[in-house]
Amino acid sequence: MKARKTATRRLRAPSLPAAALHRAEQLCAKAGERLTPARINAYAELLTQKNPISAYELLARMEQREGRKLAPLTVYRQLDFLVRVGLVHKLTSAQAYVACEHPDHPHDSLYLVCSSCGKADELESERVAELLSKAARSRGFKPGKAIVEVPGLCQTCRQPPDGADGIGVAGAR
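Here the structure is a predicted model, which is why all the values come from computation and not from measurement.

Reading the values: the criteria
Each chain carries its own residue numbering, running from 1 in the direction its sequence is written. Since the coordinates come from a predicted model, pLDDT governs what is reported: local features require at least 70, and pairs of side-chain atoms require 80 or more to be given and counted, while whole-chain, interface and lining totals use all residues. Excluded from the side-chain calculations are hydrogens and water; all other atoms, namely the structure's heavy atoms, are used. When two cysteine sulfur atoms lie within 2.5 Å, the pair is treated as a disulfide. Only protein chains enter the accessibility calculation, which uses a 1.4 Å probe. A residue is then buried if its area is under 20% of the maximum for its type, exposed if over 50%, and partly exposed in between. Each axis is a line fitted through C-alpha atoms, and for a helix only the stretch in contact is used; angles between axes span 0 to 180 degrees, taken between their N-to-C directions. Each helix corresponds to a stretch of at least 4 residues labelled H or I by DSSP, and each strand to a stretch of at least 2 residues labelled E; elements are numbered beginning at the N terminus. Oblique is the label for every angle not falling under 35 degrees (roughly parallel), over 145 degrees (roughly antiparallel), or within 65 to 115 degrees (roughly perpendicular). If you view the pair so one helix is near and one far, a crossing is left-handed when the near helix is turned anticlockwise from the far one by less than a right angle, and right-handed when it is turned clockwise. In this analysis, two residues are considered to be in contact whenever any of their non-hydrogen atoms come within 4.5 Å of each other. In this classification, the charged set is Asp, Glu, Lys and Arg, the nonpolar set is Ala, Val, Leu, Ile, Met, Phe, Trp, Tyr, Cys and Pro, and all remaining amino acids, among them Gly, are polar. In what follows, salt bridge is the name for a side-chain nitrogen of Lys or Arg lying within 4 Å of a carboxyl oxygen of Asp or Glu. Each residue after the first adds 1.5 Å to the expected span of a helix. A cavity here means a set of 1 Å grid points, computed over protein atoms only, where a 1.4 Å probe fits but cannot escape. A pocket is an open set with protein on both sides within 12 Å along at least 5 of 7 lines, and lining residues have an atom within 4 Å of a point. Grid points are joined across faces, edges and corners, and a volume is the space filled by probe spheres set on the points.

**Q** Before we go on, may I ask you to explain the state of the cysteines in this structure?
**A** Within this structure, the stated rule accounts for 0 disulfides. Not engaged in a disulfide, the cysteine Cys117 finds its nearest cysteine sulfur in Cys114; these two sulfurs lie 3.6 Å apart. Taking the relative accessible area as the measure of exposure, Cys117 reaches 36% and is therefore partly exposed. The thiol sulfur of Cys157 is not disulfide-bonded, and the nearest other cysteine sulfur, from Cys114, lies at 3.6 Å. With relative accessibility at 27%, the residue Cys157 sits in the partly exposed group.

Put into C-alpha cells, the structure is as follows:
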C-alpha cells in the first residue's frame with residue numbers, strides 16, 4: 001500500500017520534462033545517490049518557479065499539491081540532497097533555493113539577484129571563478145564551491161513605470 005501512496009504523490013507533482021528527469025537521475029547515480037519520488041517532487045516544483053523560493057514556500061506548495069501536511073524537516077532534507085548533488089543552488093542572501101540551470105557539470109555559480117522582484121539569473125564565468133580561486137590561494141585559503149550573489153535591479157525593474165492609463169511618458173503629450 002505504501003508504494004501506491006508514493007505513486008499517487010508522484011502523479012500530483014508538477015510534470016518534470018523527461019530530459020530533466022533523465023539528467024537528474026544520471027547526476028544522482030553518478031553521486032551514488034537515489035532520486036526518490038519525494039526528491040523528484042521537490043525538484044520538479046523548483047523547476048516550475050520563475051524566482052528562488054524559501055524552504056517554507058516550497059513546503060506550502062508541496063502541501064497544497066499533495067493535499068496533506070508535510071514536516072518542514074522533510075523538505076529541508078530534500079533541499080539539502082538537491083543542493084549536494086548539484087541540481088539546486090541555495091541563495092544565502094535571500095535564504096531561498098533555485099533550480100540549477102545547467103546541472104550537467106560541476107561549476108561555481110554567479111547569480112544576479114534583483115533586489116526588487118527577486119529574480120535570479122545564473123551565470124557561468126570561468127574568469128570570475130579563476131579570479132576568486134586565485135585570490136583565495138594567494139591568502140592560503142582553500143575555497144569550496146563558490147556561489148556569488150550580486151544584488152541589483154533587473155532590466156524589468158529598472159524600466160520607468162508607465163502612466164496610470166498604460167501610456168508611456170513619450171505618448172503622454
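**Q** Just to check I follow, could you spell out the packing of helix α4 (residues 55–66) against helix α5 (residues 72–84) for this structure?
**A** A pair of packed helices is characterised by two quantities: the angle between their axes and the separation of those axes. With their axes 10 Å apart at the nearest point, α4 and α5 run at an angle of 110° to one another. On the basis of their axis angle, the class for α4 and α5 is roughly perpendicular. Regarding α4 and α5, the two cross each other, and that crossing is right-handed. For the pair formed by α4 and α5, the contact residues are Ala55, Tyr56, Leu58, Leu59 and Met62 on the first element and Pro72, Val75, Tyr76, Gln78 and Leu79 on the second. In terms of residue class, the contact of α4 with α5 is made up of 9 nonpolar, 1 polar and no charged.

**Q** Would you mind showing me how to read the packing of helix α3 (residues 37–47) against α4 here?
**A** Between α3 and α4, whose axes approach to 10 Å, the crossing angle comes to 115°. Judged by the angle between their axes, α3 and α4 are roughly perpendicular. Pair α3 / α4 crosses with right-handed handedness. Along its contact with α3, which presents Ala38, Asn41, Ala42, Glu45 and Leu46, the element α4 presents Leu58, Arg61, Met62, Arg65 and Glu66. Its residues assigned to classes, the contact of α3 with α4 comprises 5 nonpolar, 1 polar and 4 charged.

**Q** Would you mind showing me how to read the pattern of salt bridges here?
**A** Two side chains that carry opposite charge are able to pair once their charged atoms sit near each other. Going through the model one piece at a time under the given rule, you end up with 6 salt bridges. Where Glu45 meets Arg65, a salt bridge forms, and the shortest distance between an N and an O atom there is 2.9 Å. Of this pair, Glu45 sits in helix α3 while Arg65 sits in helix α4, and the two are 20 residues apart along the sequence. The exposure class assigned to Glu45 is buried, which follows from its relative accessible area of 3%. With its nearest N and O atoms 3.9 Å apart, the salt bridge here joins Glu63 to Lys69. Assessed through its relative accessible area of 16%, Glu63 is described here as buried.

**Q** Looking at this structure, I do not really get α5. What am I missing?
**A** An α-helical segment advances 3.6 residues per turn. Residues three or four places apart therefore align on the same side. With 13 residues, α5 extends 18 Å between its outermost C-alpha atoms, agreeing within 8% with the 18 Å of an ideal straight helix rising 1.5 Å per residue. On its buried face, α5 is in contact with α2 (18–30), α3, α4, β1 (88–91) and β2 (96–99).

**Q** Please explain the environment of Lys69 as it appears in this structure.
**A** Among the structural elements, Lys69 can be located in the loop between α4 and α5. Separated by 10 residues in sequence, Lys69 and Leu59 have C-alpha atoms that sit 8.8 Å apart.

**Q** Could you clarify how one ought to interpret the layout of surface pockets in this entry?
**A** Gaps left between atoms are located by rolling a probe of water-molecule size over the structure's atoms. One number sums up the size of the largest pocket: a volume of about 350 Å³. Leu27, Val85, Pro103, His105 and Pro106 are, among the 16 residues lining the largest pocket, the residues nearest its centre. Where the lining of the largest pocket is concerned, the elements lending two or more residues are α2 and α5. Considering each element in turn, the lining of the largest pocket owes the most residues, 4 residues, to α2. Its residues placed into classes, the lining of the largest pocket shows 6 nonpolar, 4 polar and 6 charged. Lining the second largest pocket are 18 residues; nearest its centre among them are Leu47, Gln49, Val98, Ala99 and Glu101. The set of elements that each furnish at least two residues to the lining of the second largest pocket consists of α3, β2 and β4 (120–123).

The quantities given are spatial measurements derived from coordinates; they are silent on function.
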